[in-house]
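So you can see what is in the structure, the chains are spelled out below.
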Amino acid sequence: MNTYRSNPRDASGFLKQAKKQLGQNFLHERGIIEKIVLALSPKANERIVEIGPGQGALTLPILEKVGKLTAIEFDRDLIEPLTRAAHASGGELNLIHRDVLQVDFTALANTLGGPIRLIGNLPYNLSSPILFHALAHAPAICDMHFMLQKEVVERMAASEGSKVYGRLSVMLQAYCQVTPLITVPPGAFRPAPKVDSAVVRLVPLAPEAIQVQDRAHFAHIVRAAFAQRRKTLHNALRDLCDDAHIREAGLEPQMRAEQVPVAGFIRLANQTCQNGLR
Ligand code: SAM
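The notes below deal with the structure included here.

### Description of the overall build of the protein
Thought 1: The helix and strand tally for the protein stands at 11 helices and 11 strands.
Thought 2: At 21 Å, the protein has a C-alpha radius of gyration in line with the 19 Å of a compact globule built from 278 residues.
Thought 3: Oriented by its inertia axes, the alpha-carbon framework of the protein measures out at about 65 × 40 × 35 Å.
Thought 4: Intrachain contacts of the protein at a sequence separation of at least 6 include 67% that bridge at least 24 residues.
Thought 5: Working note: accessible area of the protein is about 13500 Å², and carbon and sulfur atoms make up 50% of it.
Thought 6: In the protein, the 32 positive side-chain charges and the 26 negative ones have mean positions that sit 4 Å from each other.

The following block contains the structure:
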């Protein structure tokens, strides 16, 4: 059964029952949509790829600016109306009907002819898996503009010493520049989520600027260090390295993970990896 109905308030002219399990909170506030498009600043020759275009709140304004866009949407019920809305706008929408976690961004970038720019008001239940999936394809990505829960953006951008500094902060900042851009209140969405949201820009570091030598080992050290936040490095990492290694990395065994800067984790991981401690 077709659940769409025409709704003049909606950016794309159609509205459907949101599917909670797909994290569907559709943006409707024009001012916020304009700010996001301005922050993205899309250019005609760029390969822009949107994750979860939904009802086209961002898709259609971006298409209007650049004429061409690739989008990945999992909800079958949205494919036909979105295709129709894009067509009516005169834009060229390459709509991929798939789970974004199954999309190989490197292959997609190759198909499109070069590195891509990712944008998306992400389904919040999948935000971390999508972030890590994108990071795994960082060389194929110029930048990412994502709407996430504000609390997640704060964790992503936090520095050592902050209450919200943790594994997500370290794992992202080791590979990307993280810049929070816009705070978005619940009322900007339909249905309104319970929490504030925020848009963040992630720019992957150039390969030569990435200091991590062994990604799996680095991830292992960071996970172990933050597994119990209150533990000292001495206790949390006792199976992975000894106090001498911690000191050689310029850290103190009595420090807790939340006090260790990203560069400190990188030194510790690189050094224990060189010492064959893996
Ligand atoms: N971009 C639209 C907007 O801003 O109004 C919709 C954003 S809504 C928060 C998230 C979108 O992601 C929905 O359209 C949802 O169907 C889609 N989605 C959810 N899970 C997905 C997945 N695994 N792969 C691709 N899209 C997904």
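Still more ground to cover, so stick around.
### Quick word on the sheet that holds strand β11 (residues 197–204)
Thought 1: Spatial strand order, β6-β5-β4-β7-β8-β11-β9: seven strands in an open sheet with mixed pairing. Strands with a single pairing partner mark the edges of an open sheet, and in this sheet they are β6 (92–97) and β9 (176–184). Taken over all neighbouring pairs, the strand axes of this sheet differ in orientation by 20° on average, direction set aside.
Thought 2: Here strand β4 (residues 48–51) runs beside strand β5 (residues 68–73); their pairing, made up of three bridges, is parallel. Within β5, the position partnered with Ile-51 by the bridge is Ile-72.
Thought 3: Packing of helix α2 (residues 59–66) onto the sheet brings it into contact with β4, β5, β6 and β7 (116–121), and relative to β5 it is tilted by some 160°.

### Overview of the packing of helix α1 (residues 30–40) against α2
Thought 1: Closest axis-to-axis distance for the α1/α2 pair is 10 Å, and the angle between their directions is 45°. What the angle tells us is that α1 and α2 run oblique. Considering the relative orientation of α1 and α2, their crossing is right-handed. Residues Ile-33, Val-37 and Leu-40 of α1 lie in contact with α2, whose contacting residues are Pro-61, Ile-62 and Lys-65.
Thought 2: When its residues are assigned to classes, the contact of α1 with α2 shows five nonpolar, no polar and one charged.

### A word on the packing of aromatic side chains
Thought 1: Within the structure shown, the criterion is met by three aromatic pairs.
Thought 2: Consider the rings of Tyr-165 and Phe-226, whose centres lie 6.0 Å apart with planes at 75°: the pair is edge-to-face. Taken together, the residues Tyr-165 in the loop between α6 (150–157) and α7 (167–173) and Phe-226 in helix α8 (residues 215–227) connect sequence positions 61 residues apart.
Thought 3: Since its relative accessible area comes to 0%, Tyr-165 is described here as buried.

### Re the side chain of Gln-271
Thought 1: Tracing the sequence through the fold places Gln-271 in helix α11 (residues 262–274).
Thought 2: At a separation of 3.4 Å, a polar atom in the side chain of Gln-271 contacts the main-chain amide nitrogen of Ala-249.
Thought 3: Not counting residues within four places of it along the chain, the set of residues in contact with Gln-271 comprises His-245, Glu-248 and Ala-249.

### Quick look at the state of the cysteines
Where two cysteines share a covalent bond between their sulfur atoms, that bond is called a disulfide.
Thought 1: For the structure shown, the criterion picks out zero disulfides.
Thought 2: With no disulfide of its own, Cys-176 has Cys-142 as its nearest cysteine by sulfur position, at a separation of 13 Å.
Thought 3: Residue Cys-176 is classed as buried on the basis of its relative accessible area, which comes to 4%.

### Examining the site of the ligand
Thought 1: What surrounds the ligand is a group of 23 residues, the closest being Gln-24, Leu-27, Gly-52, Glu-73 and Asn-121.
Thought 2: The contact in question runs from a nitrogen atom of the ligand to an N or O atom on the backbone of Pro-53, over 3.4 Å.
Thought 3: Within the side chain of Glu-73, one N or O atom sits 2.6 Å away from an oxygen atom of the ligand.
Thought 4: Of all the secondary structure elements, the ones that give two or more residues to the shell around the ligand are β3 (26–27) and β5.
Thought 5: When grouped by side-chain class, the residues that make up the shell around the ligand number 12 nonpolar, six polar and five charged.

### Here we look at helix α3 (residues 76–89)
Thought 1: With 14 residues, α3 extends 21 Å between its outermost C-alpha atoms, agreeing within 8% with the 20 Å of an ideal straight helix rising 1.5 Å per residue.
Thought 2: Every buried residue belonging to α3 is among Leu-78, Ile-79, Pro-81, Leu-82, Ala-85 and Ala-86, and all of these are buried.
Thought 3: Looking at where α3 begins, the residue whose side-chain oxygen comes 3.0 Å from the main-chain nitrogen of Asp-77 is Asp-75.
Thought 4: Phi turns positive, to about 85°, at Gly-90, one or two residues after α3.

Definitions and cut-offs
Residues numbered from 1 in each chain as written. Predicted model: local features only at pLDDT ≥ 70, side-chain atom pairs only at ≥ 80, totals over all residues. Heavy atoms only, no water. Helix = DSSP H or I, 4+ residues; strand = E, 2+ residues; numbered from the N terminus. Rg over C-alpha atoms; globule rule 2.2 N^0.38 Å. Contact = heavy atoms within 4.5 Å. Areas by Shrake-Rupley, 256 points an atom, 1.4 Å probe, with all protein chains shown as cover. Lys, Arg positive; Asp, Glu negative; His and termini not counted. Charge placed at Lys NZ, Arg CZ, Asp CG, Glu CD. Pairing = 2+ DSSP bridges. Axes fitted to C-alpha atoms, helices over the stretch in contact; angles between N-to-C directions. Parallel < 35°, antiparallel > 145°, perpendicular 65-115°, else oblique. Left-handed = near helix turned anticlockwise from the far one by under 90°. Nonpolar A, V, L, I, M, F, W, Y, C, P; charged D, E, K, R; others polar. Phe/Tyr/Trp six-rings, centres within 6.5 Å; stacked < 30°, edge-to-face > 60°. Buried < 20%, exposed > 50% of the residue type's maximum accessible area, 1.4 Å probe, protein only. Polar contact = N/O pair within 3.5 Å; in protein donor to acceptor, adjacent residues only side chain to side chain. Disulfide = S-S within 2.5 Å. Near = heavy atom within 4 Å. Expected span 1.5 Å × (residues − 1).

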